[in-house]
Amino acid sequence: MSTEKKIPYKIYLEENEMPTQWYNVRADMKNKPAPLLNPGTLKPMTFEELQPVFCDELVRQELDNDTLYFDIPQEIQDFYKMYRPSPLVRAYFLEKALGTPAKIYYKFEGNNTSGSHKLNSAIAQAYYAKKQGLTGVTTETGAGQWGTALSMACSYFDLDCKVYMVKVSYEQKPFRREVMRTYGASVTPSPSETTEVGRRILAEHPGTSGSLGCAISEAVEAATSRSGYRYVLGSVLSQVLLHQSIIGLETKAALDKYDIKADIVIGCAGGGSNLGGLISPFVGEKIKGEADYRIIAVEPASCPSLTRGRYAYDFCDTGMICPLAKMYTLGSGFIPSANHAGGLRYHGMSSVVSQLYDDKLIEAVSVEQTEVFAAAEQFARVEGILPAPESSHAIRVAIDEALKCKETGEEKTIVFGLTGTGYFDMVAYGKYNDGEMTDYIPTDSDLEPGFAGLPKID
């Protein structure tokens, strides 16, 4: 126990220990993610084809599978220092409550007003938009963390910010919407009547609660129909995972500082941004044979893209106006049930995460939301942080793995990503506490229409 006491409850890096480069795991991957395809020609998307949608530098990052490290511009490094480095916390109280010999750590990304990891990429994307001389950006948001983060970043750089928020989250989380508006963003519930694709989706699915795929379609249309605007997004694309690698790099540096070796690394999975960012340096070592880890992606049972999806080319959006990406997908037409983890309600998955999963470098599990909220409340009561529903998926599996260690007596080291706080999710917590929360697992027949709509690509 004497060595145990040397590990503090919170491990902080010094400012001069913060990463100054993002790590591009694609450069180490033996099997590269499949390229984005032009839906018209079915040829790989070129810089010129992506340029009208994304900022120039972000296109370069998106298409670069070979550069191992990207320098973080000084202005972004300076902004990061307002809330980074984030702590790696030893969950001593959770370990005690579980009675487990496992050692549990969590990387806490909620120490900023956006309440999540999303600010890591939002500030980078806003920086490149400003540097290019653009007027503003458009985006989608699910639970609202990404929209909040982007509104903060755009306010910092004096950029206009138009957010299309998944309708079910817009209605469940009015205060998240008001934070965005406080930072100067306009927020529209999606699908809406303000875009052609929104009107089409509403006609086909009257009364729909929306999805990230719907909101993406609207945001892309809004960007491409306005001069001086580009579309930015908070997950899925490789450029976002690149920026989020700062999470994993800091985590690895904090562990190394105390000679701690992780056995299991766990992250929740929606589009793949926080998961990809957290696991990047660990999976990189695994690819190179330098270390071995169990890496677990956790997704909601109501939207099981990895565990029950198909690995195929699909549209990234419901309106089918975006490029095709090869990913684990439930079909771009799949509209998940209105569960309480809005940030995980996406039909597909990052092409990087999908390739890693297909190569069996990571594994995936799906969990039901009532069990997720049981874990969230258990965690909140002993660790003093109210977790976001998305993050609580990782908490659920971290607890499950720790309880397995209790049975076997193994002292495994478990690291998970606590991506954000749940203070705007009290409607969901209320439903759980009142016994009104239910679980929904789609049947095979529920999933079939989405699969039937997948593009036919040889």
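Check the entry above for the structure.
Every value quoted in this text rests on a predicted model; they were computed, and no experiment measured them.

**Student:** Outline the sheet that holds strand β7 (residues 160–166), supporting the account with residue identities and numerical values.
**Tutor:** On the basis of which strands lie adjacent, the open sheet formed by four strands has the order β8-β7-β6-β9 and parallel pairing. Only two strands of the sheet have a single partner each, and these edge strands are β8 (186–190) and β9 (229–231). Neighbouring strand axes in the sheet, compared pairwise and without regard to direction, differ in orientation by 20° on average. Across five bridges, the pairing between β7 and β8 is parallel. Looking at the pairing, Val166 lines up with Ser190 of β8. Across the sheet, helix α6 (residues 145–157) touches β6 (136–141) and β7, and the angle it forms with β6 is around 165°.

**Student:** Describe the packing of helix α5 (residues 119–131) against helix α11 (residues 238–257), and please don't skip the residues or the numbers.
**Tutor:** Packing of α5 against α11 brings their axes to within 8 Å, and their N-to-C directions diverge by 130°. Classified by the angle their axes make, α5 and α11 are oblique. When the axes of α5 and α11 are compared, the crossing they make is right-handed. Within the contact between the two elements, α5 uses Asn120, Ser121, Ala124, Gln125 and Tyr128 and α11 uses Gln239, Val240, His243, Gln244, Ile246 and Ile247.

**Student:** Can you lay out the packing of aromatic side chains for me, pointing to particular residues and giving the numbers?
**Tutor:** Considering all chains together, one arrives at 17 aromatic pairs under this definition. Judged by centre distance (5.8 Å) and plane angle (45°), the rings of Phe54 and Tyr231 are tilted. Of this pair, Phe54 sits in the loop between α1 (47–50) and α2 (56–63) while Tyr231 sits in strand β9, placing them 177 residues apart in sequence. Take Phe54 and Tyr231: they sit in the same class, and that class is buried. A ring pair is formed by Tyr80 and Tyr83, whose centres lie 6.2 Å apart and whose planes are at 90°; its orientation type is edge-to-face. Judged by its relative accessible area of 10%, Tyr83 is buried. A connected cluster of aromatic rings, assembled from ring pairs, spans Phe79, Tyr80, Tyr83, Tyr127, Tyr128, Tyr156 and Phe157. The ring of Tyr170 carries Arg177 above its face, with NZ or CZ at 4.3 Å from the centroid. The ring of Tyr311 has Lys326 lying over it, and the distance from NZ or CZ to the ring centre is 4.7 Å.

What counts as what
- Residues numbered from 1 in each chain as written.
- Predicted model: local features only at pLDDT ≥ 70, side-chain atom pairs only at ≥ 80, totals over all residues.
- Heavy atoms only, no water.
- Pairing = 2+ DSSP bridges.
- Helix = DSSP H or I, 4+ residues; strand = E, 2+ residues; numbered from the N terminus.
- Axes fitted to C-alpha atoms, helices over the stretch in contact; angles between N-to-C directions.
- Contact = heavy atoms within 4.5 Å.
- Parallel < 35°, antiparallel > 145°, perpendicular 65-115°, else oblique.
- Left-handed = near helix turned anticlockwise from the far one by under 90°.
- Phe/Tyr/Trp six-rings, centres within 6.5 Å; stacked < 30°, edge-to-face > 60°.
- Buried < 20%, exposed > 50% of the residue type's maximum accessible area, 1.4 Å probe, protein only.
- Lys NZ or Arg CZ within 6 Å of the ring centre and 35° of its normal.

These values are about where atoms sit, not about what they do.
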